[in-house]
Amino acid sequence: MAEFISLYSGSSGNCSVVRSGGAYLLVDMGKGVRVTTGALREAGLDASDCRGILVTHEHSDHVKGLGTFLKRHPLPVYGAGPTLAALEAAGLLPAACPICLLDPDRGEEADVAGFGVRAFPTSHDVPCVGYRITTPDGKTMAIATDLGTLTPAVHAALDGCDLVALESNYDPYMLHNGPYPYYLRARIEGPRGHLSNDECSEKLLELVQGGCEKFALCHLSQENNTPPLALQTVFTTFGAGGVVPGRDCIVQTQRRSEVSPTLEF
Ligand SMILES: [Zn+2]
Ligand SMILES: [Zn+2]
């Protein structure tokens, strides 16, 4: 059995756990070390069971707590070249931490304590990756946040997974009628920004029709989205496709500032 646990998720910080047996990997760490350590404890996880940290990109909502956490727990850090270089330049990678480069374009799989880890590129305004992870017991999941559009590489990475954690960042109506200035709106809905509820839900329908049954909606915007709205968009799209959540699959929005319920896959 494998588990996906979001410790916190959204524009104010992202950190999630992929766990199997006694060991787990962390993806990103976008809040401070005190908050993250508290969330790990609440999820019943010991830092000594973490086998590595996978970083998606250099934005602070993904790396804010990383430097201090790594000073306390010198774990291996995985990421793409430009991201690791940016973290290094920002002084977030203590010398004691093994640095492991993953090339998102070559699609090679790294063995991280029995977890098969592959990075894939996402379309964002800085170099950014998602991860496809095969757990030691043979389950597969993918996580993709911070992507303006679904590229062929993302489609391929999400295909055939047991669980998919995908960004459902904004509701287009809220974005257009909210407080954001034009340039920020254009950035969010542009091809190198974020994924809307509609784009996410259409992809989820395709995935559920392909056999995936567990979905985590991640990185919801605080200003331009609400959990009920993101969920409703998925349910409406699924309804039109004859898919019944609860019967055919489980869809869960991930909480902004709290540990979300564990999703088994
Ligand atoms: Zn982000
Ligand atoms: Zn970002």
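Our structure is the block above this text.
Definitions and cut-offs
Residues numbered from 1 in each chain as written. Chains lettered and ligands numbered in written order. Predicted model: local features only at pLDDT ≥ 70, side-chain atom pairs only at ≥ 80, totals over all residues. Helix = DSSP H or I, 4+ residues; strand = E, 2+ residues; numbered from the N terminus. Contact = placed C-beta atoms within 7 Å. Pairing = 2+ DSSP bridges. Axes fitted to C-alpha atoms, helices over the stretch in contact; angles between N-to-C directions. Parallel < 35°, antiparallel > 145°, perpendicular 65-115°, else oblique. Left-handed = near helix turned anticlockwise from the far one by under 90°. Nonpolar A, V, L, I, M, F, W, Y, C, P; charged D, E, K, R; others polar.

Caption draft 1: Structural view of the environment of Leu231. Examined against the element boundaries, Leu231 turns out to sit in helix 9 (residues 227–240). As for Leu231 and Leu217, which are separated by 14 residues in sequence, their C-alpha atoms are 8.2 Å apart. Discounting chain neighbours no more than four positions away, the residues touching Leu231 are Val251 and Thr253.

Caption draft 2: How the structure looks around the sheet that holds strand 10 (residues 140–144). The mixed open sheet is built from 7 strands, whose spatial order is 7-8-9-10-11-12-13. One side of each edge strand has no neighbouring strand; the edge strands of this open sheet are strand 7 (110–112) and strand 13 (250–253). If you compare each strand with its neighbour and ignore which way they point, the axes differ by 20° on average. Relative to strand 11 (residues 163–167), strand 10 runs parallel, the two being bridged by 4 bridges. Of the residues in strand 11, the one forming a bridge with Met141 is Leu163. Here helix 8 (residues 197–209) sits on the sheet and contacts strand 11 and strand 12 (214–218); the angle it forms with strand 11, its principal contact strand, is near 165°. Together, strand 12 and strand 13 form the strand contacts of helix 9, whose direction differs from that of strand 13 by roughly 155°.

Caption draft 3: Main features of the packing of helix 8 against helix 9. Relative orientation of the contacting elements helix 8 and helix 9 amounts to 45°, with a least axis distance of 9 Å. With respect to helix 9, the element helix 8 is oriented oblique. Seen along the crossing, helix 8 lies across helix 9 with a hand that is right-handed. Contacts between helix 8 and helix 9 involve Asn197, Asp198, Ser201, Glu202, Leu204, Leu205 and Val208 from the first element and Leu229, Ala230, Thr233, Val234, Thr237 and Phe238 from the second. Here the contact of helix 8 with helix 9 is composed, by residue class, of 7 nonpolar, 4 polar and 2 charged.

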